[in-house]
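Overview (structure and organization)
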Number of protein chains: 2
Amino acid sequence: MNILTVISYLGTAYHGSQIQKNANTIQNEFQKALYSVLGYETPIKACSRTDTGVHASCFCISFTVDPPIDPDGLCYALNNELPGDIRVEGSRVVDDDFHARYSAVGKRYVYRVFNGRFVSAQDNGRVYHFPYSVDDGKMTAAAETLVGTHDFSAFCGKKGIQEDMVRTVKRAEIVRDGKYLNLIFEADGFLYNMVRIMTGTLLNIGTGKLPVSHIEDALRTGERDRLMFTAPAEGLWLDGVIYGFGDANSFKR
Amino acid sequence: MNILTVISYLGTAYHGSQIQKNANTIQNEFQKALYSVLGYETPIKACSRTDTGVHASCFCISFTVDPPIDPDGLCYALNNELPGDIRVEGSRVVDDDFHARYSAVGKRYVYRVFNGRFVSAQDNGRVYHFPYSVDDGKMTAAAETLVGTHDFSAFCGKKGIQEDMVRTVKRAEIVRDGKYLNLIFEADGFLYNMVRIMTGTLLNIGTGKLPVSHIEDALRTGERDRLMFTAPAEGLWLDGVIYGFGDANSFKR
């Protein structure tokens with residue numbers, strides 16, 4: 001029986017999501033909890049890797065179990081074992097060939113910026129504090145130029161250089177909610193640090209340090225300059241994983 | 001120079017707000033930070049006492065300084081000294097006779113209930129998980145009967161018994177936002193545990209364990225039964241403090 005589990009987590013206390021020896025990661029914790037519940041080892045497949053300090057309101061993990069189990073009962077059991085900053089929110093039986101990463105057709109990230117003067121206790125560690133005055137209109141216009149199928153080499157961290165740098169961005173929106181600025185990105189996939197570099201670039205376009213045309217130029221030349229900075233991990237949230245049968249958020253209970 | 005400071009905090013790690021010897025409290029932390037910044041002791045006056053585990057998105061503290069200081073600069077300096085779960089969000093000069101507690105004409109609490117099956121990592125410790133099916137309409141009808149000037153003896157924890165148990169509730173509303181149920185209470189003042197007991201009572205009215213008329217009966221008789229339970233601290237948020245010149249939330253920067 002193949003199971004898909006939807007979790008949320010605060011990345012603050014973890015060295016990223018991926019399994020690592022001698023480091024506390026989201027998947028290490030999940031693997032440990034799963035072993036406690038099942039009583040045997042089963043390999044887990046995660047929808048993506050997130051860096052140290054990055055959060056997720058929707059992250060997917062799939063794995064097979066034998067004998068079959070009740071998906072709801074599994075959620076309760078896992079939550080009993082997991083620390084409070086990692087929570088299972090839903091779980092369901094999926095086809096045998098389903099894979100949390102390879103079956104995903106899209107992902108959505110939200111980069112949360114606090115654009116006021118003083119961050120609240122509630123938001124501490126969960127937003128990027130960027131107190132400078134920005135022009136939302138310029139940011140929106142620039143974000144629109146990200147949409148489409150492009151070579152995103154200019155928006156990739158050095159560690160992420162690979163053969164295929166082409167991705168299709170379906171959505172890049174700036175949504176202001178008072179002092180909050182939410183940057184929403186949806187794509188078929190993202191390169192290493194891509195959302196954080198797009199965010200840093202858009203913020204510097206917002207302040208006027210870079211022209212709106214900078215993104216089109218960077219997409220054309222593939223070159224990244226120091227003003228296209230990598231916004232910090234703490235503002236980044238994996239917000240949705242899209243499969244053939246829908247957004248994994250809809251599997252939350 | 002008399003200063004009013006607006007802070008927010010997560011109560012999870014603290015033994016309440018009030019100054020205590022040999023215990024970590026919000027006011028202990030604030031007092032310590034203030035001493036570091038000013039270099040001398042000055043007594044602080046807090047808008048209210050909150051219990052262990054209770055949070056505040058808006059909590060007020062006043063104190064005098066001599067020589068005068070810049071209120072904005074003070075915010076930055078205090079935030080440098082304070083832990084991340086206590087944040088200063090604004091500060092302003094007020095009249096010499098202003099007192100954070102005695103000058104308050106009203107307070108607003110929000111009790112946050114998560115009414116779904118599984119709490120997210122983001123909400124862990126910040127909401128009360130009440131997964132049972134409730135009738136919002138019954139809760140709203142019952143909440144309306146709390147509004148007005150009443151003797152709230154039936155809604156007061158044992159430790160809080162005092163001479164004057166009369167309070168004026170100006171607002172008692174149930175606001176549903178998907179799986180979230182926010183109970184909003186505004187009054188000239190609240191008795192010990194009053195919001196948590198009103199919440200527990202309303203939830204048991206929502207499930208049908210108590211009739212809608214139970215609140216009117218309790219206000220009349222002054223008697224509290226075990227179904228009028230005290231909802232846990234973790235869902236309770238002090239959300240606003242009202243002074244003659246407005247809601248302290250408006251002083252946030």
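Only a predicted model underlies this, so the values are computations on that prediction, with no experimental measurement involved.

Moving on, we come to the overall build of chain A. Each helix and strand in chain A was counted, giving 5 helices and 11 strands. A globule of 253 residues ought to have a C-alpha radius of gyration of about 18 Å, and chain A, at 19 Å, matches this closely. If one aligns the C-alpha atoms of chain A with their principal axes, the spans along those axes are about 60 × 40 × 35 Å. Per-residue burial over chain A gives 55% buried out of 253 residues.

Turning our eyes to something else, we now look at the pattern of salt bridges. Residue and element names in this part refer to chain A. By the definition in use, this model includes 26 salt bridges over all chains. Here Asp51 makes a salt bridge to Arg196, at a shortest N to O gap of 3.6 Å. Linking Asp51 in the loop between strand E2 (45–46) and strand E3 (55–64) with Arg196 in helix H4 (residues 194–206), this pair joins segments that are 145 residues apart in sequence. The buried category is assigned to Arg196, whose relative accessible area is 13%. For Arg176, the salt bridge goes to Asp136, with nearest N and O atoms at 2.5 Å. Of the two residues, Arg176 is situated in strand E8 (residues 166–177) and Asp136 in helix H3 (residues 136–144); the sequence distance between them amounts to 40 residues.

What follows covers the packing of aromatic side chains. Taken as a whole and judged by the stated rule, the model has 26 aromatic pairs over all chains. With 5.8 Å between their ring centres and 25° between their planes, Tyr243 of chain A and Phe245 of chain A make a pair best called stacked. Seen from their ring centres, Phe245 of chain B and Phe251 of chain B are 5.5 Å apart, and the 40° between their planes marks the pair as tilted. Phe251 of chain B sits in the buried class, given a relative accessible area of 8%. Each residue in the set Phe98, Tyr243, Phe245 and Phe251 of chain A is aromatic and connected to the rest through ring pairs, giving one cluster. Note that Arg92 of chain A overlies the ring of Phe245 of chain A, its terminal NZ or CZ placed 4.8 Å from the centroid.

Quick look at the relation of the copies chain B and chain A now. With an RMSD of 0.0 Å, the operation that places chain B on chain A is a rotation of 180° combined with a shift of 0.0 Å along the axis. Both chain copies can therefore be described as sitting about a two-fold axis. Of every C-alpha in chain B, the one belonging to Gln122 of chain B sits nearest the axis of rotation, 4.9 Å from it. Take the interface residues of chain B: 100% of them recur as interface residues in chain A, which is what a same-surface contact looks like.

Below, the discussion takes up unusual backbone geometry. All names here are of chain A. The omega torsion across Asp66 and Pro67 is 5°, close enough to zero to call that bond cis. Mapped onto the elements of the fold, Pro67 is located in the loop between E3 and helix H2 (71–81). Phi at Asn193 takes a positive value of approximately 65°, unusual for a residue other than glycine. By secondary structure assignment, the location of Asn193 is in the loop between strand E9 (180–187) and H4. Owing to a relative accessible area of 16%, Asn193 belongs among the buried residues under this scheme.

Here we take up the state of the cysteines. Using the criterion set out here, one finds 0 disulfides over all chains in the structure. Cys156 of chain A takes part in no disulfide bond, and the closest cysteine sulfur, belonging to Cys47 of chain A, lies 18 Å away. Cys60 of chain B forms no disulfide, and the closest cysteine sulfur to it belongs to Cys58 of chain B, at a distance of 4.7 Å.

A separate point is the packing of H3 of chain A against H4 of chain A. All names here are of chain A. Viewed as axis vectors pointing N to C, H3 and H4 meet at an angle of 140°, and their least axial separation amounts to 8 Å. It follows from the interaxial angle that H3 and H4 lie oblique. Where H3 crosses over H4, the handedness of that crossing is right-handed. Residue-level inspection shows Lys138, Met139, Ala142 and Ala143 of H3 in contact with H4, the latter providing Leu202, Leu203, Ile205 and Gly206. A class-by-class count of the residues in the contact of H3 with H4 yields 6 nonpolar, 1 polar and 1 charged.

If you look at the interface, chain B gives 28 residues, while chain A gives 28 residues. Here Arg117 of chain B makes a salt bridge to Asp72 of chain A, at a shortest N to O gap of 2.5 Å. Remark: the boundary between chain B and chain A carries 12 residue pairs in polar contact (both at pLDDT 80 or more). Secondary-structure elements contributing two or more residues to the side of chain B that touches chain A are strand E1 (2–9), strand E3 (55–64), helix H2 (71–81) and strand E4 (86–94) of chain B. At 5 residues, the largest contribution of residues to the side of chain B that touches chain A is made by E4 of chain B. Class assignment for the residues of the side of chain B that touches chain A results in 11 nonpolar, 8 polar and 9 charged.

With that settled, the discussion passes to the domain arrangement of chain A. Residues and elements named next belong to chain A. Taken domain by domain, chain A consists of domain 1 (2–103) and domain 2 (106–240). Averaged C-alpha coordinates put domain 1 and domain 2 at centres separated by 27 Å. Contacts between the two partners involve 15 residues from domain 1 and, on the opposite side, 14 residues from domain 2. Surface buried jointly by domain 1 and domain 2 totals about 1000 Å² across both partners, of which 54% is contributed by carbon and sulfur atoms. Per-residue buried area on domain 1 facing domain 2 is highest for Asp51, Val54 and His55; these three make up 42% of the total on that side. Scanning the region where domain 1 abuts domain 2 turns up 1 salt bridge. Here domain 1 is connected to domain 2 by 9 residue pairs in polar contact (both at pLDDT 80 or more). Residue contributions to the side of domain 1 that touches domain 2 peak at 5 residues, all from E3. Along the lines of polarity and charge, the residues of the side of domain 1 that touches domain 2 split into 7 nonpolar, 7 polar and 1 charged.

Reading guide: rules and limits
- Residues numbered from 1 in each chain as written.
- Chains lettered and ligands numbered in written order.
- Predicted model: local features only at pLDDT ≥ 70, side-chain atom pairs only at ≥ 80, totals over all residues.
- Heavy atoms only, no water.
- Helix = DSSP H or I, 4+ residues; strand = E, 2+ residues; numbered from the N terminus.
- Rg over C-alpha atoms; globule rule 2.2 N^0.38 Å.
- Buried < 20%, exposed > 50% of the residue type's maximum accessible area, 1.4 Å probe, protein only.
- Salt bridge = Lys/Arg side-chain N within 4 Å of Asp/Glu carboxyl O.
- Phe/Tyr/Trp six-rings, centres within 6.5 Å; stacked < 30°, edge-to-face > 60°.
- Lys NZ or Arg CZ within 6 Å of the ring centre and 35° of its normal.
- Least-squares fit on C-alpha atoms with pLDDT ≥ 70 in both.
- Contact = heavy atoms within 4.5 Å.
- Disulfide = S-S within 2.5 Å.
- Axes fitted to C-alpha atoms, helices over the stretch in contact; angles between N-to-C directions.
- Parallel < 35°, antiparallel > 145°, perpendicular 65-115°, else oblique.
- Left-handed = near helix turned anticlockwise from the far one by under 90°.
- Nonpolar A, V, L, I, M, F, W, Y, C, P; charged D, E, K, R; others polar.
- Polar contact = N/O pair within 3.5 Å; in protein donor to acceptor, adjacent residues only side chain to side chain.
- Domains from an automatic or database assignment.
- Buried area = accessible area lost by both parts, 1.4 Å probe.

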